[in-house]
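Commentary on secondary and tertiary structure
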Amino acid sequence: MIVFVAVLIGLSIVALTVWSARFIAAGPPAEPDLSRVEDVDVPYLCTVCGLSLTVSEAQIGEEIEPPRHCREDMVRAI
Ligand SMILES: [Zn+2]
């Protein structure tokens, strides 16, 4: 039983190390192109706590991903 637990912990450490190396190798996301920003008016609502906010600027032609609050995706409030 102890050997099984030791192997399980070892595999977990290896998996975490591989994930960390891939995360670091991927680098940061690309910088947004600030010349391709348009004004928008998209309200969102947090269904957990009731917080509302409005997205006022977004990249031209890109779908706006809902922001997260209370660890959940916010819903569009229209
Ligand atoms: Zn919330």
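Note: the structure precedes this text.
Moving on to the sheet that holds strand β2 (residues 52-59). Spatial strand order, β2-β1-β5: three strands in an open sheet with antiparallel pairing. Because the sheet does not close on itself, it has two edges, and the strands there are β2 and β5 (75-76). Here strand β1 (residues 37-45) pairs with β2 via seven bridges, running antiparallel. Within the sheet, the bridge partner assigned to Glu38 lies in β2 and is Ala58.

It is worth spelling out the environment of Arg36 at this point. The residue Arg36 is located in the loop between α1 (2-26) and β1 in this model. Owing to 11 C-beta atoms within 10 Å, Arg36 belongs among the exposed residues under this scheme. Spatially, the C-alpha atoms of Arg36 and Gly61 are 8.9 Å apart, while their sequence positions differ by 25 residues.

For the rest of this paragraph, the subject is the pairing of β2. By the criterion of burial, β2 is predominantly exposed, with just zero of the eight residues buried. Here β1 hands over to β2 after six residues, with Gly50 in that stretch at a positive phi of 90°.

Here we come to unusual backbone geometry. Of note, Cys70 is a non-glycine position whose phi angle comes to about 55°, a positive value. As for its position among the elements, Cys70 is in the loop between β3 (68-69) and β4 (72-73). Phi at Arg71 is positive, roughly 65°, even though this residue is not glycine. Looking at the secondary structure, you find Arg71 in the loop between β3 and β4.

Conventions and cut-offs
Residues numbered from 1 in each chain as written. Predicted model: local features only at pLDDT ≥ 70, side-chain atom pairs only at ≥ 80, totals over all residues. Pairing = 2+ DSSP bridges. Helix = DSSP H or I, 4+ residues; strand = E, 2+ residues; numbered from the N terminus. Buried ≥ 20, exposed ≤ 12 C-beta atoms within 10 Å, placed from the backbone.

Note that all results are geometric; they support no functional claim without further evidence.
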